[in-house]
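The residues making up each chain are set out below.
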Amino acid sequence: MKNIAVLGAGTMGNGIAHVFAQNGFQVNLIDISQSSLDKGLATIAKNLDRMIQKEHISENDKMQTLNNIKTSTELKNGVLNVDLVVEAATENTDLKLKLFQQLDAACDENTILATNTSSISITRIAAATKRPDKVIGMHFMNPVPIMKLIEIIRGYSTSDATTKAVMELSAVLGKTPTEVNDYPGFVANRILMPMLNESIETLYNGVAGVVEIDTVMKLGMAHPMGPLQLADFIGLDVCLSILNVMYGGFKNPKYAPCPLLVNMVMAGKLGVKSGEGFYDYSESRKAEKVSPQFS
């Protein structure tokens, strides 16, 4: 596989495009918005500049990576003659089902369709297509250029050949592909999201403030980032969506989102992306340097 399409130019999509392009793949980055594509390319260029500063790559490597990326606002044109599509759109079930129906109709019959979903059933997404054997989950971790793990999730009908091809491809990217089964939240978020939710419950119940909770987990549990800061980094709307998927899938109250999380999302306080979450990011994007909103 040499020709890749990435659907969605946001945080995850531009990171996925970056990694493929840096490893010599020809990438079509697709989004409905030209401004989103321009922003995604600017983010890739900035991240490549950081790698140059750290002497991980050369200026020539940067230019070659950017030259490997083409952009399109037309899904049908963007997926022509590609071997693999990686969908990285918003974590919304109805949207993903619609996109996979469109991809199934537009792509060559041999094209593998992958989704970067962090919680939604691969089997359900695959059922929206006529090629369920060629649908698979590729759950990259954020930030994509740095994090080594890719969760590879097989749907009920995903073939051995598709799984093998995607596992091998992930290794070519310098990642560590890890196969997991198709249950809500998979492995990473099934363990991570209840921890983040419990941290929010701890704040909600007045046990401690934002900085105190994060300090305990960083210094006491050796976490590189406190859970509330991490929730801000992921996006509180994304955390809420994943918890709702797990709560709906398992019908277990331990996955029910904390009311504080629900209210913050309704108020538009989504974390870094909105400029405010558990911390105020209006002056700086580094939570440690700003004042918490709840303490």
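Residues numbered from 1 in each chain as written. Predicted model: local features only at pLDDT ≥ 70, side-chain atom pairs only at ≥ 80, totals over all residues. Heavy atoms only, no water.

A short note on the domain arrangement of the protein chain
Defined as follows: A domain assignment, automatic or from a database, supplies the domain bounds used here. Any two residues whose heavy atoms approach within 4.5 Å at even a single point are treated as in contact. Buried area: the sum, over both parts, of the accessible surface (1.4 Å probe) that disappears when the two are put together. Every case where a carboxyl oxygen of Asp or Glu lies within 4 Å of a side-chain nitrogen of Lys or Arg is listed as a salt bridge. We define a polar contact as two N or O atoms separated by no more than 3.5 Å, with the added condition that, inside protein, one atom must be a possible hydrogen donor and the other a possible acceptor, whereas residues neighbouring each other in sequence contribute only through side-chain atom pairs. Ten residues, namely Ala, Val, Leu, Ile, Met, Phe, Trp, Tyr, Cys and Pro, are considered nonpolar, four, namely Asp, Glu, Lys and Arg, are considered charged, and the remaining ones, Gly among them, are considered polar.
Assigned domains of the protein chain: these are domain 1 (3–181) and domain 2 (189–290). Distance between the C-alpha centres of domain 1 and domain 2: 26 Å. Listed by partner, the interface residues are seven residues for domain 1 and five residues for domain 2. Here domain 1 and domain 2 share an interface that buries about 510 Å² over both sides, 55% of which is from carbon and sulfur atoms. For the domain 1 face of the interface with domain 2, the top three residues by lost area are Glu91, Ser118 and Ser119, together amounting to 62%. At the boundary of domain 1 and domain 2, one finds zero salt bridges. Scanning the region where domain 1 abuts domain 2 turns up two residue pairs in polar contact (both at pLDDT 80 or more). Among the residues making up the side of domain 1 that touches domain 2, the classes are represented as two nonpolar, four polar and one charged.

A look at the UniProt feature "binding site: NAD(+)" (unreviewed entry) in the protein chain
Going by this rule: UniProt positions are given in the numbering used here, feature names are shortened, and annotations may be inferred rather than shown by experiment. Numbered from the N terminus, helices here are DSSP runs of H or I no shorter than four residues, and strands are runs of E no shorter than two. Under the scheme applied here, a residue whose accessible area is under 20% of the maximum for its type counts as buried, over 50% as exposed, and between as partly exposed, the area being computed with a 1.4 Å probe on protein chains only.
UniProt annotation of "binding site: NAD(+)" (unreviewed entry) refers to Gly8, Ala9, Gly10, Thr11, Met12, Gly13, Asp31, Glu91, Lys96, Ser118, Asn142 and Lys273 when read in the numbering used here. Examined against the element boundaries, glycine 8 turns out to sit in the loop between strand E1 (3–7) and helix H1 (11–22). Accessibility expressed as a relative area gives 9% for glycine 8, which makes it buried. Apart from the residues within four sequence positions on either side, glycine 8 is in contact with Gly13, Asn14, Leu29, Ile30, Asp31 and Ala88. Mapped onto the elements of the fold, alanine 9 is located in the loop between E1 and H1. When neighbours within four sequence positions are excluded, alanine 9 is seen to be in contact with Asn14, Leu29, Ile30, Asp31, Ser36, Leu37 and Gly40.

Quick word on the UniProt feature "site: Important for catalytic activity" (unreviewed entry) in the protein chain
Mapped onto this numbering, the UniProt entry gives "site: Important for catalytic activity" (unreviewed entry) at His139. Looking at the element boundaries, histidine 139 is found in strand E6 (residues 135–140). A relative accessible area of 6% means that histidine 139 is categorised as buried. Once residues within four sequence positions are removed from consideration, histidine 139 is found in contact with Thr115, Asn116, Thr117, Ser118, Leu149, Ile150, Glu151, Ile153 and Asn189. For histidine 139, the side chain forms a polar contact with the side chain of glutamate 151, separated by 2.7 Å.

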